[in-house]
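Summary of the model geometry
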Amino acid sequence: MAQNSDASKSLMQRTLDVVEAVGNKVPHPVIIFLILIGIVLVLSHILHLAGASVTYQVINPETHEVEEATTTAQSLLTASGIRDMYTRLVPNFMGFTAIGLLVVAMVGVGVAEEAGLINALIRMLVAVSPGWAMTYILAFVGIMSSIAADAGYVVLIPLAGAAFLSLGRNPLAGLALGFAAVAGAFNVNMLIKPLDAVLTELTNDAIHMVDPSRSIDLTAGLWFSIASVPFLTVVVALVTERIIEPRLGAFVDAAGTLSGGNDEGARLTAQESRGLRYAMIGLIAVLVVFALLVLPTNAPLRNPETGSIIGNSPFMGALIVPIMFLFLVSGIGYGIGAGTVKTSGDVIAAMTKAVSGLGGTILLFLVISQFIAYFNYSNIPTLMAVKMADALKAANIGPLWLLLGFIVVVTLLNFVFTPAIAKWAIFAPVFVPLFVTLAVDPAAVLSAYRVGDSPTNALTPLNAYFALVVGFAQKYDANAGIGTVVALLLPYAIWMTVLWTALFAGWYLLGLPWGI
C-alpha cells in the first residue's frame, strides 16, 4: 500500500495515519477480546459488590406488554457466574448467528468465485460502467444490501475491494466504501426490512403507554429512509474519493507492482461470455423456484398468519438462503459454460476451500461470542443505557434539541451495546411517550434512533464482522490491522453522523412527512 508523502498530507490525513499506527500496535483481535473479557469479569464483580441497579420500564418484545423491570449488576466471579460461563461456552458460540450466516454464504460465494463468475462480473461491470459512477453504484448497492440482513458484509465488501482493484484504484478504499455503506447505513433502506416490523411494534407498544388509540404503520418512516439512501450514497462516495483515496494513494501489491487497472478485463473471452449466459440460465432457474415458493397464495415462504411477503415472513427472515443458491447455481452454470467446472468434485472442492479459509475468523468469533455473552450477563449494557436515557430525559431542552441529544446518546452507546432491537426495547418506553406528550411524531423518534444507531456500526469491535473486514484488508496489505480499518472508517463515521443528523434536523424543521 502506497501513501502520499507527509509534506503533501492534510491535518486529517496525518491524524488518520497516527490512528492507524497506534491501532496496528495493539495485539491480535483474539488477544484484545480476551483482555476485554478479563476487564468485564473484574468490572462486573465491582459493580455487583457496589449493588449497582436500575429500575425502568421496558417493552417485552414477545408479549408487547410494558413491564417495570429492575436490573442489577451480576458478577461473573460468583458461583452462579462461573457456572454460567462453564455451561454456556458452546451454546454462546452456537448462538452467534454471524457464524452460520458466514458459512452458508461462503458455500455459494466460494463456488462462484472459484469458477470465475465473480471476476467476470466485476470485469463486465467495469467495462460497461462509467468510471465516475462505480463509487456511487457500490455505495448504493451496499446501503440497499441491508434488505438481505447481514449478507452484504460477506458478499458486497470483498466485491467492492475487487472492483476497485480492477479499476486500478486502491482496493483498501473499496473495502472501506463497502463496509461504510453496509454497516454505516444498516438501519435504512428503500424497502421494508424484517427489522422494521420489530422496531415498529416496539414503538407502538411505547405509544400505547400514553395514547392507546394511536399507532404508527410499518411505513411511518419510509419517506425519510428513502431520502436517506441517496443522501448517504453521495456522502459515502465523496468521503471515498475526497478523503480515503487521496490518503491511501496508488496501490502497490506485495511484488511491488503498481496497480493500473486490468486492461485485459475490458473484453470477455468467448468462453467467459458463454459462461455468463449459462450463469444467467441458472439465475433464472433459482428465481423461478423461489417465486413458486413465495408468490402464490398460501405459499410456504409467506407469513403463515398474515400471508405477507415483505416484513415478517419466512422468506425475508432467511434471505441468505436464496442468496446462497443464486451464487451457487449461477457459479456452477458459469463454470460449465466457461469450462472451469468439469465435475461435481470441482464444486465440492470450491466449497471446501471457501469454508476452510474461515478458520481464523471462526476462532475469533468463538472468543467474541463469549465476550458478548459475558458482557450481557453482567447487565452492564443495560445499566449504561438506562443511566444515559435518564440523564437525557431530565434535561430541560426543547423537542429538537432533545431529539439531537437522543441521537448522540444512541451513537455513543452503540460502541458497546450494538443490538438494535435490544437498545430500542429499552429506549422506546423512555423516549417515545416523552416525545408524544411534546407533540412530536413517533416516526420522528424512530427515525432519530436509526440515525444514531447506524454510522458507528463500522467502528465498534463488537460488530461481529469488524474482524472479518480486517481479514479482507490483509489480503491486499499483510501489515493491515485494526488500526488500518479504524483509520479508514473514522472519516465515514464522522461525516455520516454529522451530515445525516443535519438532514434529520432539516427534515424536522421543514415539517416534512416522515412516511406514509
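Residues numbered from 1 in each chain as written. Predicted model: local features only at pLDDT ≥ 70, side-chain atom pairs only at ≥ 80, totals over all residues. Heavy atoms only, no water.

1. Here's the deal with the overall build of the protein
Along the backbone of the protein there are 22 helices and two strands. Dimensions of the protein along its principal axes, counting C-alpha atoms only, are 65 × 60 × 55 Å. In the protein, which comprises 516 residues, the share counted as buried stands at 52%. Taking contacts inside the protein between residues at least 6 apart in sequence as the whole, the part at least 24 apart equals 79%. Accessible area for the protein stands at about 22200 Å²; split by element, carbon and sulfur atoms hold 67% of it. Taken as two groups, the 22 positive and 28 negative side-chain charges of the protein have centres that lie 7 Å from each other. (Helix = DSSP H or I, 4+ residues; strand = E, 2+ residues; numbered from the N terminus. Buried < 20%, exposed > 50% of the residue type's maximum accessible area, 1.4 Å probe, protein only. Contact = heavy atoms within 4.5 Å. Areas by Shrake-Rupley, 256 points an atom, 1.4 Å probe, with all protein chains shown as cover. Lys, Arg positive; Asp, Glu negative; His and termini not counted. Charge placed at Lys NZ, Arg CZ, Asp CG, Glu CD.)

2. What about the environment of V111?
When you line up the elements, V111 lands in helix α5 (residues 97–115). Separated by 46 residues in sequence, V111 and E65 place their C-alpha atoms 47 Å apart. Apart from the residues within four sequence positions on either side, V111 is in contact with L328, G331, I332, V347, A350 and M351.

3. Side note on the pattern of salt bridges
Throughout the structure, instances matching the rule amount to four salt bridges. Two residues, R450 and D196, come together in a salt bridge whose shortest N-O distance is 3.0 Å. Separated by 254 residues along the polypeptide, R450 in helix α20 (residues 442–453) and D196 in helix α10 (residues 194–207) bring together distant segments of the chain. This pair shows no difference in class: R450 is buried, exactly as D196 is. (Salt bridge = Lys/Arg side-chain N within 4 Å of Asp/Glu carboxyl O.)

4. Re the confidence of the model for the protein
When pLDDT is averaged along the protein, the result is 85, and 95% of the positions lie at 70 or above. Least confident of the elements in the protein is helix α1 (residues 11–23), whose mean pLDDT is 76; most confident is helix α3 (residues 79–87), at 96. (pLDDT = per-residue confidence, 0-100.)

5. Things to note about the side chain of K423
In this structure, K423 sits in helix α19 (residues 420–437). In this structure K423 comes out as buried when scored by relative accessible area, which is 1%. A polar contact of 2.6 Å, which involves the side chain of K423, links it to the side chain of D453. Residue contacts for K423: discarding those within four places in its chain leaves V410, L413, N414, F417, T418, Y449 and D453. (Polar contact = N/O pair within 3.5 Å; in protein donor to acceptor, adjacent residues only side chain to side chain.)

6. Focus: the nonpolar core
Membership of the largest hydrophobic core comes to 159 residues, with the highest contact counts inside it found for F179, F406, W424, F427, L489 and Y492. Apart from the residues within four sequence positions on either side, F179 is in contact with Y153, I157, G184, A458, N463, Y465, F466, V469, V485 and L489. If you look at the next biggest cluster of nonpolar residues, it comprises six residues, including I147, F315, M316 and L319. (Core = buried A, V, L, I, M, F, W, Y, C linked by side-chain atoms within 4.5 Å.)

7. Describing the packing of aromatic side chains
Using the criterion set out here, one finds 20 aromatic pairs in the structure. Considering the side-chain rings of F33 and F371, the 5.7 Å spacing of their centres and the 65 degrees angle between planes classify their relative orientation as edge-to-face. Taken as a pair, F33 in helix α2 (residues 29–50) and F371 in helix α16 (residues 359–378) lie far apart in primary sequence, 338 residues in all. With a relative accessible area of 5%, F371 lands in the buried category. Members of the aromatic cluster, each reached through a chain of ring pairs, are F406, W424, F427, F431, F435 and Y449. (Phe/Tyr/Trp six-rings, centres within 6.5 Å; stacked < 30°, edge-to-face > 60°.)

8. Description of helix α22 (residues 482–510)
Quick reminder: α-helices carry 3.6 residues per turn. Residues three or four places apart thus point the same way. A rise of 1.5 Å per residue sets the reference length of α22, with its 29 residues, at 42 Å; its end C-alpha atoms lie 41 Å apart and thus fit the reference within 8%. Roughly 35 degrees is the biggest bend found in α22, and it falls at L489, with proline P491 one to four residues downstream. Directly after α22, the chain includes G511, whose backbone phi takes a positive value near 70 degrees. (Expected span 1.5 Å × (residues − 1). Bend = angle between axes of the 7 residues up to and from the residue.)

9. Overview of the side chain of T484
Its location among the elements puts T484 in helix α22. According to the relative accessible area criterion, T484 is buried, its value standing at 1%. Apart from the residues within four sequence positions on either side, T484 is in contact with E20, N24 and N479.

10. Quick notes on the environment of A439
Looking at the secondary structure, you find A439 in the loop between α19 and α20. Each C-alpha atom of the pair A439 and T70 lies 29 Å from the other, and the pair is 369 residues apart in sequence.

11. Focus on the packing of α1 against helix α11 (residues 222–248)
Remark: α1 packs on α11, axes separated minimally by 11 Å, with the N-to-C direction vectors making an angle of 60 degrees. Note that α1 runs across α11; the crossing there is right-handed. Packed against α1, whose contacting residues are M12, Q13, L16, D17 and E20, the element α11 presents I243, P246 and R247 at the interface. Counted by class, the contact of α1 with α11 contains four nonpolar, one polar and three charged residues. (Axes fitted to C-alpha atoms, helices over the stretch in contact; angles between N-to-C directions. Left-handed = near helix turned anticlockwise from the far one by under 90°. Nonpolar A, V, L, I, M, F, W, Y, C, P; charged D, E, K, R; others polar.)

12. Some remarks on the environment of M316
Tracing the backbone through its elements, the reader meets M316 in helix α13 (residues 314–317). Residues M316 and R277 lie 39 residues apart in sequence; the distance between their C-alpha atoms is 28 Å.

13. Regarding unusual backbone geometry
In this model, N298 sits at a positive phi of 65 degrees, which is unusual for a non-glycine residue. Counting through the fold element by element, N298 comes out in the loop between α12 (270–294) and α13. Phi is positive for N379, which is not a glycine, with a value near 70 degrees. Its location among the elements puts N379 in the loop between α16 and α17 (380–393). We classify N379 as buried; its relative accessible area is 17%.

14. A closer look at α19
Over its 18 residues, α19 extends 24 Å from the first C-alpha to the last, a length consistent with the 26 Å expected when each residue adds 1.5 Å. The sharpest bend along α19 comes to roughly 45 degrees, located at A428, with the proline P429 sitting one to four residues further on. By the criterion of burial, α19 is predominantly enclosed, with 15 of the 18 residues buried. Directly beyond the C-terminal end of α19, a positive phi value near 65 degrees is found at A439.

15. Focus: a nonpolar patch on the surface
A contiguous nonpolar patch, built from I31, L34, I35, I39, V42, L43 and I46 and spanning about 600 Å² of accessible area, is present on the exposed surface. Along the chain, L43 falls in helix α2. (Patch = residues over 30% accessible without salt bridge, like charges linked within 9 Å, V, L, I, M, F, W, Y side chains within 5 Å.)

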